[in-house]
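# Examining the three-dimensional arrangement
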Amino acid sequence: GATSAAPPSATAPRALAPGDVVPALQLDGLDGVPVVLEQLRGRPVLINVWASWCAPCVEEMPELARFAAAQPEDGVQVIGLALDDAEAVRAFLERVPVGYPIALDTPGPDDASVALGNARGLLPYTVLIDARGRMLKNKLGPFEHGEIEGWVGEP
């Protein structure tokens, strides 16, 4: 993997890694309903961090929407986490509607994507969380067509 020459800062928490319990996050939902991760326990959750200005994010969204639509009732819950402002996100979703919940956060050094292990702050960033609330895996960069199912794999 890539390594950084700089020693880790004593103040920065270790990035979330596969196997770690995901911190309790409450996100602002685009529709005004908060998205509370702990309420989703009992089924896997795929959180895709994106922004309307991020071209690779936009390209993979139809793939995420297709995957989300194919999930059974107890299947993987897809959540889009937009590091963006609500107006830009609403305008984007009018052009590219998706059928899964969209949450919002303000990009910054301690935004929800950083809490989810996105230490480099690059987009898109996707995290798969198991039904017990532990991170199974994470991915930096977009999904290719047909890749999500294989990446998520069988529980």
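What you see is a predicted model; the values in this text were computed from it and never measured. (Residues numbered from 1 in each chain as written. Predicted model: local features only at pLDDT ≥ 70, side-chain atom pairs only at ≥ 80, totals over all residues. Heavy atoms only, no water.)

Turning our attention to the packing of aromatic side chains. Ring pairs (aromatic) are described by centroid distance and by the angle formed between their planes. Per the stated rule, a full pass over the model turns up 2 aromatic pairs. Ring centres of Phe143 and Trp151 lie 5.2 Å apart, and the angle between their planes is 70°; this geometry places the pair in the edge-to-face category. One residue, Lys137, lies across the ring of Trp151, its end atom 5.3 Å from the ring centre. (Phe/Tyr/Trp six-rings, centres within 6.5 Å; stacked < 30°, edge-to-face > 60°. Lys NZ or Arg CZ within 6 Å of the ring centre and 35° of its normal.)

Glancing now at the state of the cysteines. Enumeration over the complete set of coordinates arrives at 1 disulfide. Across the disulfide, Cys54 is cross-linked to Cys57 (sulfur-sulfur distance 2.2 Å). An S-S torsion of about 80° defines the bridge between Cys54 and Cys57 as right-handed. (Disulfide = S-S within 2.5 Å.)

Moving on: the pairing of strand E5 (residues 102-105). Pairing of strand E1 (residues 26-29) with E5, which is carried by 2 bridges, proceeds in the antiparallel orientation. Paired with Gly29 across the strands is Ala103, a residue of E5. Pairing of strand E4 (residues 77-83) with E5, which is carried by 4 bridges, proceeds in the parallel orientation. Note on E5: the bridge partner recorded for Leu81 is Ala103. Assessed by its sense of winding, the connection that carries the chain from E4 through helix H2 (residues 86-95) to E5 is right-handed. (Pairing = 2+ DSSP bridges. Helix = DSSP H or I, 4+ residues; strand = E, 2+ residues; numbered from the N terminus. Right-handed = clockwise from strand over helix to strand, strands pointing away.)

All right, on to the environment of Val78 then. As for its placement among the helices and strands, Val78 is situated in strand E4. Separated by 22 residues in sequence, Val78 and Tyr100 place their C-alpha atoms 6.0 Å apart. With near-sequence residues (within four places) excluded, Val78 lies in contact with Leu46, Phe67, Ala68, Tyr100 and Pro101. (Contact = heavy atoms within 4.5 Å.)

Reading across from one edge, E2-E1-E5-E4-E3-E6-E7 is the order of the 7 strands in this open sheet, with mixed pairing throughout. Only two strands of the sheet have a single partner each, and these edge strands are strand E2 (35-36) and strand E7 (135-140). Where strand E6 (residues 125-129) and E7 come together, 5 bridges link them in antiparallel fashion. The residue of E7 that forms the bridge with Ile129 is Met135. Lying over the sheet, helix H1 (residues 55-69) contacts strand E3 (45-50), E4 and E5, oriented at roughly 160° with respect to E3. Strand contacts of H2: E3, E4 and E5, with the helix running at about 150° to E5, the strand carrying the most contacts. (Axes fitted to C-alpha atoms, helices over the stretch in contact; angles between N-to-C directions.)

This next bit is on H1. With 15 residues, H1 ought to run about 21 Å at 1.5 Å a step, and its terminal C-alpha atoms sit 22 Å apart, in line with that. Helix geometry: H1 is bent most strongly at Met61, by close to 35°, with proline Pro62 lying one to four residues after it. By the burial criterion, the buried members of H1 are Cys57, Glu60, Met61, Glu63, Leu64, Ala65, Phe67 and Ala68. Buried positions along H1 lie against E3, E4, H2, E5 and helix H4 (148-152). (Expected span 1.5 Å × (residues − 1). Bend = angle between axes of the 7 residues up to and from the residue. Buried < 20%, exposed > 50% of the residue type's maximum accessible area, 1.4 Å probe, protein only.)

Considering the arrangement of structural elements, one finds Arg120 in the loop between helix H3 (112-115) and E6. Looking at Arg120, the relative accessible area reads 60%, which means it is exposed. Each C-alpha atom of the pair Arg120 and Ala15 lies 9.9 Å from the other, and the pair is 105 residues apart in sequence.

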